[in-house]
Structures are given as structure tokens and as C-alpha cells.
Amino acid sequence: MGTWNSRGLRGSTLEDMVNMTNDAYRERGLGLIQKIPTPITPVKIDKASRHITLAYFDKQSTVDYIGAIQGIPVCFDAKECAANTFPMMNIHEHQVKFMEDFEKQGGISFILLYYSHRNETYYIPFQDIKRFFDRSVSGGRKSFTYEEVDKKYRINSAPGVLLHYLEGINTDLKSREE
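So, here is what we can say about the structure in this document. (Residues numbered from 1 in each chain as written. Predicted model: local features only at pLDDT ≥ 70, side-chain atom pairs only at ≥ 80, totals over all residues. Heavy atoms only, no water.)

This brings us to the packing of aromatic side chains. The full count for this structure, using the stated rule, is 13 aromatic pairs. Geometrically, the ring pair formed by F76 and F110 is stacked, given 4.7 Å between the ring centres and 10° between the ring planes. Note that F76 is positioned in strand β6 (residues 72–81) and F110 in strand β8 (residues 108–115), a separation of 34 residues in sequence. By way of ring pairs, the aromatic residues Y25, Y65, F76, F110, Y123, Y153 and Y165 are connected into one cluster. Lying over the aromatic face of Y146, R118 brings its terminal NZ or CZ to 3.6 Å of the ring centre. Its end group placed over the ring of Y146, K151 keeps NZ or CZ at 4.1 Å from the ring centre. (Phe/Tyr/Trp six-rings, centres within 6.5 Å; stacked < 30°, edge-to-face > 60°. Helix = DSSP H or I, 4+ residues; strand = E, 2+ residues; numbered from the N terminus. Lys NZ or Arg CZ within 6 Å of the ring centre and 35° of its normal.)

Another point: the pattern of salt bridges. Per the counting criterion, the structure on display carries 12 salt bridges. With its nearest N and O atoms 3.1 Å apart, the salt bridge here joins D23 to R26. In this pair, D23 and R26 both sit in helix α1 (residues 12–27), 3 residues apart, roughly one turn of the helix. Look at R26 and you get partly exposed, because its relative accessible area is 43%. A salt bridge links E103 to R176; the nearest nitrogen and oxygen atoms lie 2.9 Å apart. One end of the pair, E103, is in helix α2 (residues 93–104); the other, R176, is in helix α4 (residues 166–177), and 73 residues separate them in sequence. Where salt bridges share partners, they join E100, K130 and D134 into one cluster. (Salt bridge = Lys/Arg side-chain N within 4 Å of Asp/Glu carboxyl O. Buried < 20%, exposed > 50% of the residue type's maximum accessible area, 1.4 Å probe, protein only.)

By themselves these figures say nothing about function.
Here it is in C-alpha cells:
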């Protein structure tokens, strides 16, 4: 069981963008995606601010988001990276297993990866995540580089949608048909 210490607003930029996008998709009838809260047990609470300052994770989390887009089950994680190399240690084995099982049930799994220093976001399809993960556990490179990311999956904005990741899902679906 790991511990958690608050680090302020770490990761909130991407999460806010994803949440706003998911709200726009819901309002337009395109999909329903929910943020999955990570279950924690508080240990220390700052009484003055009523904020949790130390907690334990109750169990390993699966992914950040789950839902359906136009009838297609989807699950994904949102990750940020401040360099051109993304460490695979940021994607845990139980998450890869969950995404793999989700795919076996006919769903689509992916990661939205925001390169903060480039202000670029990419849809990383599960097949790529699995390839990078397998490489890391079999003694190969323990990260993947910006150059390895398929640029056809770059996420753009659209009117009223900050991270139009439906385009990534469409591209992913087309590549599965080929």
C-alpha cells in the first residue's frame, strides 16, 4: 500500500482539459466519460483548511477515465510529460492488464499524453502502450521517446472542444480494420 502526499495542482492542467472535453462531448450527445476517483484512506487532515495532507491508497487504481463514445466502450489514462522521453514506470502493470482485458471485451483503451514543454497532446493507442510495456519488462528500453509516438495521433482542438480525442479513436478504429 503506497502513501500519497499532496503536491498541489500537479497534473491538473491536462485533467481540466480532459474534463472540459468530456463535458462538451456529453452536452453534444457524442459520449459519456466519467473520471474514476482513486480510493484513498486519509491519515492526516489539516484542520484549518480541511485538506487531506497524507493518505494511503486503498487499492491499485485502474485508469483515470471510463465510459462510452457513440456506443463504443472506452477507457483511458491521462499523463503529462515535461521531456521528450516518457518513463514506462508511469504506466503500471495492473493498468496495462486492465486495458488489455478491456480491449478483449470489445472496448478501446488508450493514453492521452500531454508533452507540456511542447504544448502537444497525443492519443497513444493500446497496441503501442503494450509494445512499449513489453519491451520494458523484457529488458529493453524502460521508456519511449517523442520520436516513437505516431504523429498521426496528435490531438487538436475543435470548436468548443479543447482536446478532440475522438479523432484519435477514429484513427485507431480505422487502423484496426486494415
